[in-house]
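Chain residues, written in single-letter form:
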Amino acid sequence: MRDYIIRRVLGMIPLILIVMIVSFGIFSLVPNPFAALIENPRIKKADIQRLIKAWGFDLPWYLRFFKWFSGVIRGDWGPSLLYPGSTARDVISRALPVTVRLMGIEFLVSIAIALPIGIISAVKQYSVTDYVVTVISFLGMSMPTFWFGLLMMMLFSVVLKRPSGMPLLPAGGFITPGLEEAPFWAKLGDRAQYLVMPVVVLAFSSLGGYARYMRSSMLEVIRQDYIRTARAKGVPERSVIYKHALRNAMIPIVTLIALSVPGIVGGAAITETIFNIPGMGSLIIQAETKADYPTAMIGLMLSSVLVIAFNLVADIVYAWVDPRIKYS
Amino acid sequence: MAEKAIEAKKKGQKKSSEDYTYVGMVFHRLTRHKLAMVGAFMLIFILLFVFVGPLIWRANPNTQIEGLGGLFNPASRAHPLGTDDYGRDVLARMFFGGRISLFIGFISAISSTLVGALVGLVAGYYGGWSDNILMRFTDAMLSIPTFPLLIALASVLGKGVWQIILVIVVFGWMTDARLVRGLVLSLKEQEYVEAARAIGASANRIMWRHLFPNTLAVLIVSTTIGIGGAIIYEASISFLGFGVQAPFASWGNMLQNAQQFIWNSPRLIIYPGLAIFMTVLGFNFFGDGLRDAIDPKLKL
C-alpha cells in the first residue's frame, strides 16, 4: 500500500505539469492588455514598453510560462492585473472563503437530501415514490442554473415583498453594507439571507446526480445473495436495509463524495455571476478575460491540484472501507 | 425461431425477447420505458416547433418595429409571444434561436464522441506507450476545471457558431475516450478480433470495422445525453456574453439579453429558458431510457 501511494504521488507530477501548460497556453491566447494603451496619448511609449516587459508579454508564451513558473516555485505568485496594487495571492484569498462558505453549505444540503431520497427510491423501486424522485432528479440535472437563478430572483426579489416594501430576499451580493462589524448573530442572519437563493439553485442542480448514484448503488447491493440470506433467516426488513445493505451501498458513495470536494474550492462561475457573489468562479472568469494570468492560473491550479489529489484520496478511502480491494 | 414465433402467435402469447433482432429488441424495450417515451415526445415537439414553426408563422426574427410603441409589446395577435427590446418578434426569434442551439448541440456532441472514440480506440488497441501518453493527457484534461477554460477559449476564438462548437469539442471528448478505451481493452481479447488479425486485417480495419461498431451502442447513449450538455454549455457561454452574437438569436443569448429587463419584462426570461430546459430534459430522459434499453441485464 505504501509503495502504491508513493507511485501515485509521483505520477501526479507530470499530470500537474500538463494541466499547467495547457491552461497557460490557452490563457496566452488572450491578447496583451497593454498593447491597447498605445492609443492613449497621455501614457509614454517607454512606460508601456516597461510594463510589457515587466509582465513578460514581450516573450513568447512558453518563455513567459517559465518566467511565471520559476516565480511560483519560489513562492512569488505575481501581482494581479485585475486589481492593481494587490498580489494575485491576496485577490484569491479574499475570494476563497466566500466560495467555500457557499459551496460547502450547498454540498452538505444536497448530500443531506440526495442520499435519503436515493435510498428510499431504491428500496421502493418502480413505486410512485421512485418515479417522483427520478423525475425530480432529472428536472434538477436538466435545469440550466442561470435560468433557475433568474426565476428565483424574479419570485423572491421582485414579486414577493416584505411588509416594509423591501424584497423578501436580497437579489445579489453576500453581505449588507454596514453590517460587517455587527454582532455575531445579526451578521449570521444577514449572511444567511444572501445564501438562500444561490444554495437552493446549486443544490437542486447537483442533488439529482447524487440521488441517482445512491439509488443505483443501493439497487446493485439489494440484488445480492447475502441480502436474500439475511431476509431468509428472518432479519427484520429495516435492519436488512439499513444495516446489511446500506453499508455496502455507501462504499461507492464515499468515493463520489471525495471526488466532489474539489468543487467546493472551484466555485460555480454562473451562479456566482448571477447573484453577484465575489467568489472563485466569477473571479477566475473575470481574471482570464482581462489577461490577468497570475490570478487565473492560481485559481485554476488550486482546483486542478485538488482534483488530482482527491482522486488519490478517493482510491485510498475506497481500499480502506472495502477490504476486498487490494492495490499493488 | 420463426416457427416458434408463429406458434407463439397462434397461442396468442406475446413475443419473447428471443424473437427480435438486436435493434428490434432495443426499440421494443425503449417503447416500454415510460420516461424515455415522455422524453421522445418532448423532443419531437421541440423539433416540430423549431423546424415546422417558421413555415406556419412567417415573421422575420430580425425585423425591428420602428418607434417606442413597438418595444416590449405583450403577447398579441400580431406577435404571439410579444416583442423584445428592439421590437423584434419573440416567437420568430425562438424558432431561429432554437435551430442554432440545437445545431450546436448536435454537431458538438457527435464530434466530441468521435474524437473521444478515436483516442480511446488508439489507446486501447495499441496499448503500451501510446496508451500511457494518451490516457495521461486525458486525465490531465479531466482534472482541469472545464468551464473557466471554455470561457477563456471562447473569448479569444471569436464568436461564430463553428468556433463555439470547436470549444465545446476541445473540452468534451474525455469521458468518451475513457469509455471506449475500457470497452476496447476487453473486446480486443475476443476470438473474432484474433480471427481478423489472423487473416491479415490491418490495425485500422480492425479498429474501425470490428471494434468501433461494438462500442456504438454505448456511444449513442453518451451522445444523446451529451447533446443536452452541449446545449447547456452553449447557453452558458452565450449567457456570459462570449457565444453567438447579435443580431443572430440563440436561446442562450436571448436569455442573456433578457436578464437586464428582469424588472419590467420577465416573460422575455421565461420563454428561452423554458425551451432550453425542455430540450435538455428531453435528451436526458431519452438517453437514460436508451441506456436501460441496451442493458440486457435489466428487466423493464
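Residues numbered from 1 in each chain as written. Chains lettered and ligands numbered in written order. Predicted model: local features only at pLDDT ≥ 70, side-chain atom pairs only at ≥ 80, totals over all residues. Heavy atoms only, no water.

Moving on: the confidence of the model for chain B. On average, residues of chain B score 81 in pLDDT, and 82% of them reach the 70 mark or higher. The ipTM assigned to the predicted complex is 0.82, against a pTM of 0.85. (pLDDT = per-residue confidence, 0-100.)

Here the focus is the interface of chain B and chain A. Contacts between the two partners involve 43 residues from chain B and, on the opposite side, 43 residues from chain A. At the boundary of chain B with chain A, total buried surface from both sides reaches about 3,600 Å², with 84% on carbon and sulfur atoms. One can count one salt bridge joining chain B with chain A. Counting across the interface, chain B meets chain A through four residue pairs in polar contact (both at pLDDT 80 or more). Ranked by the residues each element gives to the side of chain B that touches chain A, the list is headed by helix 13 (residues 267-294) of chain B, at 11 residues. The residue inventory of the side of chain B that touches chain A, partitioned by class, reads 32 nonpolar, six polar and five charged. (Contact = heavy atoms within 4.5 Å. Buried area = accessible area lost by both parts, 1.4 Å probe. Salt bridge = Lys/Arg side-chain N within 4 Å of Asp/Glu carboxyl O. Polar contact = N/O pair within 3.5 Å; in protein donor to acceptor, adjacent residues only side chain to side chain. Helix = DSSP H or I, 4+ residues; strand = E, 2+ residues; numbered from the N terminus. Nonpolar A, V, L, I, M, F, W, Y, C, P; charged D, E, K, R; others polar.)

Moving on: empty space enclosed by the protein. Residue and element names in this part refer to chain A. With the rule as written, the count across this model stands at two cavities of 30 Å³ or more. Taken as a whole, the largest cavity spans an internal volume of roughly 80 Å³. Forming the walls of the largest cavity are Val-98, Arg-101, Leu-102, Gly-173, Phe-174, Arg-191, Tyr-194, Leu-195 and Ile-277. Every element with two or more residues in the lining of the largest cavity is listed here: helix 4 (88-123) and helix 7 (184-222). Grouping the amino acids of the lining of the largest cavity by side-chain chemistry returns six nonpolar, one polar and two charged. Considering the residues around the second largest cavity, the lining is formed by Phe-27, Ser-28, Val-30, Phe-57, Arg-64, Glu-288, Ala-291 and Tyr-293. Of the residues assigned to the lining of the second largest cavity, the class counts are five nonpolar, one polar and two charged. (1 Å grid on protein atoms, 1.4 Å probe; cavity = no way out; pocket = protein on both sides within 12 Å on 5 of 7 lines; lining within 4 Å. Points joined across faces, edges and corners; volume = space filled by probe spheres on them.)

What follows concerns the packing of aromatic side chains. All names here are of chain A. Scanning all chains against the criterion turns up 18 aromatic pairs over all chains. Seen from their ring centres, Phe-65 and Trp-68 are 5.9 Å apart, and the 40° between their planes marks the pair as tilted. Of this pair, Phe-65 and Trp-68 both sit in helix 3 (residues 61-73), three residues apart, which is roughly one turn of the helix. Since its relative accessible area comes to 7%, Trp-68 is described here as buried. Linked through ring pairs, Phe-24, Phe-65, Phe-66, Trp-68, Phe-69 and Tyr-293 together constitute an aromatic cluster. Across from the ring centre of Tyr-293, 5.6 Å away, lies the NZ or CZ of Arg-64, which sits over that ring. Sitting above the plane of the Tyr-83 ring, Arg-94 keeps its charged end 5.9 Å from the centroid. (Phe/Tyr/Trp six-rings, centres within 6.5 Å; stacked < 30°, edge-to-face > 60°. Buried < 20%, exposed > 50% of the residue type's maximum accessible area, 1.4 Å probe, protein only. Lys NZ or Arg CZ within 6 Å of the ring centre and 35° of its normal.)

The description of two packed helices rests on the angle between their axes and on the distance between the axes. Residue and element names in this part refer to chain A. In the contact formed by helix 4 and helix 9 (residues 237-266), the axes pass within 11 Å of each other and the chain directions differ by 155°. Relative to helix 9, helix 4 is oriented roughly antiparallel. In the crossing of helix 4 with helix 9, the sense of the turn from one axis to the other is right-handed. Contact residues: Leu-96, Thr-99, Val-100, Met-103, Gly-104, Phe-107, Ile-111, Leu-115, Ile-119 and Val-123 in helix 4; Ile-241, Tyr-242, Leu-246, Met-250, Ile-253, Ile-257, Ser-260, Gly-263, Ile-264 and Val-265 in helix 9. Tallied by class, residues from the contact of helix 4 with helix 9 come to 16 nonpolar, four polar and no charged. (Axes fitted to C-alpha atoms, helices over the stretch in contact; angles between N-to-C directions. Parallel < 35°, antiparallel > 145°, perpendicular 65-115°, else oblique. Left-handed = near helix turned anticlockwise from the far one by under 90°.)

All names here are of chain A. Following the UniProt record, the feature "transmembrane region" (unreviewed entry) maps to residues 12-30, 102-123, 135-160, 194-213, 253-277 and 297-321 here. Summarising residues 102-123: 100% helix, 0% strand, and an end-to-end C-alpha distance of 32 Å. As a span, residues 297-321 carries 100% helix and 0% strand, and end to end its C-alpha atoms are 35 Å apart. (UniProt positions renumbered as here; feature names shortened; annotations may be inferred.)

So, on to the domain arrangement of chain A. Residue and element names in this part refer to chain A. Structurally, chain A comprises domain 1 (2-73) and domain 2 (95-321). Inter-centroid distance (C-alpha atoms) of domain 1 to domain 2 is 33 Å. Across the contact, 19 residues belong to domain 1 and 18 residues belong to domain 2. Between domain 1 and domain 2, a total of about 1,700 Å² is buried, with carbon and sulfur atoms accounting for 83% of that surface. Three residues stand out in domain 1 for area buried against domain 2, namely Arg-8, Phe-27 and Trp-68, and they jointly supply 33% of the buried area on that side. Viewed at the interface, domain 2 and domain 1 are joined by one salt bridge. The salt bridge partner of Arg-8 is Asp-315, with a shortest N-O separation of 2.7 Å. The tally of links from domain 1 across to domain 2 stands at one residue pair in polar contact (both at pLDDT 80 or more). Of all the elements in the fold, those that place two or more residues in the side of domain 1 that touches domain 2 are helix 1 (2-27) and helix 3. Top contributing element to the side of domain 1 that touches domain 2 by residue count: helix 1, with 12 residues. Grouping the constituent residues of the side of domain 1 that touches domain 2 by class yields 16 nonpolar, one polar and two charged. (Domains from an automatic or database assignment.)

On to helix 12 (residues 251-258) of chain B, then. Most of helix 12 of chain B is tucked away, with six of its eight residues classed as buried. Of all the residues in helix 12 of chain B, the buried ones are Trp251(B), Gly252(B), Asn253(B), Met254(B), Leu255(B) and Ala258(B).

Low pLDDT means the predicted atomic positions in that stretch should not be read closely. Scored by pLDDT, chain A comes out at a mean of 83, with 96% of its residues at no less than 70. Here helix 2 (residues 45-54) of chain A is the element of chain A with the lowest mean pLDDT, 75, and helix 5 (residues 128-142) of chain A is the one with the highest, 90.

Residues and elements named next belong to chain B. Following the UniProt record, the feature "transmembrane region" (unreviewed entry) maps to residues 35-57, 102-127, 147-173, 215-248 and 268-287 here. Along residues 215-248 the backbone is 74% helical and 0% strand, and the end-to-end C-alpha distance reaches 38 Å. With 100% helix and 0% strand, the stretch residues 268-287 has end C-alpha atoms that lie 30 Å from each other.

This next bit is on a nonpolar patch on the surface. Residues and elements named next belong to chain B. A surface patch of nonpolar side chains, about 1,000 Å² in accessible area, is lined by Phe-41, Ile-44, Leu-47, Leu-48, Phe-51, Val-52, Leu-55, Ile-56, Phe-106, Ile-110 and Leu-114. Of all the secondary structure elements, the ones that give two or more residues to the nonpolar patch are helix 3 (34-51), helix 4 (53-56) and helix 5 (90-126). Per element, the largest residue contribution to the nonpolar patch is five residues, and it comes from helix 3. Examined against the element boundaries, Leu-47 turns out to sit in helix 3. (Patch = residues over 30% accessible without salt bridge, like charges linked within 9 Å, V, L, I, M, F, W, Y side chains within 5 Å. Areas by Shrake-Rupley, 256 points an atom, 1.4 Å probe, with all protein chains shown as cover.)

Mapped onto the secondary structure, Thr21(B) falls in the loop between helix 1 (2-10) and helix 2 (22-31). Separated by 273 residues in sequence, Thr21(B) and Ile294(B) place their C-alpha atoms 12 Å apart.

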